[in-house]
Each structure stands twice: as C-alpha cells, then as structure tokens.
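# A closer look at the structure
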Amino acid sequence: MLHGVDISAHNTSYDATDQDFVFIKATEGRSYASPHRADQAAKARGAGCVVGFYHFLWPGNIEAQARYFVGKCDAKEGDLLAADWETTSSGSHASGAQKDQFLREVKKLAPHHRVLLYTNVSFWKGHDTSSYAADGLWIADYVSPGKPRIKDKWLFHQHTNRPLDKNVARFEDRDALRKWAAQGKE
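Residues numbered from 1 in each chain as written. Predicted model: local features only at pLDDT ≥ 70, side-chain atom pairs only at ≥ 80, totals over all residues. Heavy atoms only, no water.

### Focus: helix α1 (residues 37-46)
- Of the positions making up α1, those classed as buried are R37, Q40, A41 and A44. Here the buried residues of α1 occupy an arc of 100 degrees about the axis, which is enough to place them on one side. Exposed residues on α1 whose side chains face more than 90 degrees from its buried face are A38, D39 and G46.
- Looking one or two places after α1, you find G48, whose phi comes out positive at around 80 degrees. (Buried < 20%, exposed > 50% of the residue type's maximum accessible area, 1.4 Å probe, protein only. Helix = DSSP H or I, 4+ residues; strand = E, 2+ residues; numbered from the N terminus. Arc of directions from axis to C-beta.)

### A closer look at the packing of helix α2 (residues 62-73) against helix α3 (residues 96-109)
- It is at 9 Å that the axes of α2 and α3 come closest, and there the two elements cross at 40 degrees. Relative to α3, the element α2 is oriented oblique. At the point where α2 passes α3, the crossing takes the right-handed sense. Touching I62, E63, Q65, A66, R67, F69 and V70 of α2 are Q98, Q101, F102, E105, V106 and L109, all from α3. (Axes fitted to C-alpha atoms, helices over the stretch in contact; angles between N-to-C directions. Parallel < 35°, antiparallel > 145°, perpendicular 65-115°, else oblique. Left-handed = near helix turned anticlockwise from the far one by under 90°. Contact = heavy atoms within 4.5 Å.)

### Focus on the pairing of strand β4 (residues 50-56)
- Among the 7 residues that make up β4, 7 are buried, leaving the element largely enclosed by the rest of the structure.
- Burial along β4 is two-sided: the residues V50, G52, Y54 and F56 and V51, F53 and H55 are all buried.
- As defined by bridge partners, strand β2 (residues 21-28) adjoins β4 across 7 bridges and the pair is classed as parallel. In the sheet register, F23 faces β4, and the bridge partner there is G52.
- One ladder, built from 5 bridges, connects β4 with strand β5 (residues 80-85); its direction is parallel. Paired with F56 across the bridge in β5 is D84.
- Viewed along the sheet, the connection from β4 through α2 into β5 turns out right-handed. (Pairing = 2+ DSSP bridges. Right-handed = clockwise from strand over helix to strand, strands pointing away.)

Below is the structure:
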C-alpha cells in the first residue's frame, strides 16, 4: 500500500518526504481558493509525489462550483481531482444527486484527469443513493489503515487525522498510481 496525506491551507509546513501522494484542498464553494495550493503542490512534486486537488462541495450552484474548482486548482497532467462531500460549516450538505452532478461536471470539464469522491463512512452509507464515485472512492474511516468499514471497492483510505490527515492507497507502487492517474478517462 502507498502512503499519503491530504492537506489544507492550515498545513503550510507539511513534510512530503516519505509520502507517495498528496491531496491539496484547492477550493470550497464558489468563493474560496486556498492561497497556498500552488506552493503545496510544488513541494509535493519536488518530493516525487502524485498530486491531487480537492474541492469542498456545498449545496447549490453545482456547475458553477465545478467550473470554479477546475479553473482554480491549476491541475497538471497526471494530477487527480476530487470532490470532498461532507457536512459544511453551516450544517448543510450537498445532496447525493448534487454530488453526482458535480463529479460528472468535473469529468466533463477536465476529461484527461481521474476524478474521485472523498467522503466518510456515514455519508457513504447514509446519504449516498447512487454509489457513484466517478473514477474511484476515497473513504474516510478512522480505523486500521486499509480496513475501512465498507463493502464497496475503495482506492484511497483516510485512516486518521492526527497529526495530519493520513491515507493509504490500493496501488502496488507509486509507478502504478502514476500510470492509473495518467490514463485520465475511464
């Protein structure tokens, strides 16, 4: 299994050494773009990591959020793109249909990138109705690495948030992840 972290603007001094991949929060809603996303991506690339960007999804204005995300994340060839689907700071959340719409819109706007769904077990089991995760499921469940409590196939597993959000991925090695990421379309 591969190891990686996911970070936001709060993690400006993260260490990419010994990581295989780094997911970076790029945007949220239609108005927030992390001011550190480019520097964080450069650090990850400098360490030889596969880079991914994610968008924190809010309910409403789904097409506009997808355009904002794709336009702001500045993804390079082989980068992964993801939707972060969970409860917002206001206590709301995008519906399952909105989640699906966002993933499909990002795939349409960025057809040469793999697109993932990040969510937690509670959302996956309690709010999802379609099991649609675009090119792959990235599941959060704070249990032993690689053993999330779901029956569905997953590619990435966030298993802790201390001291950073730590993840594992179901790929044989970094080259296998790079090859998969570079394939873009399903």
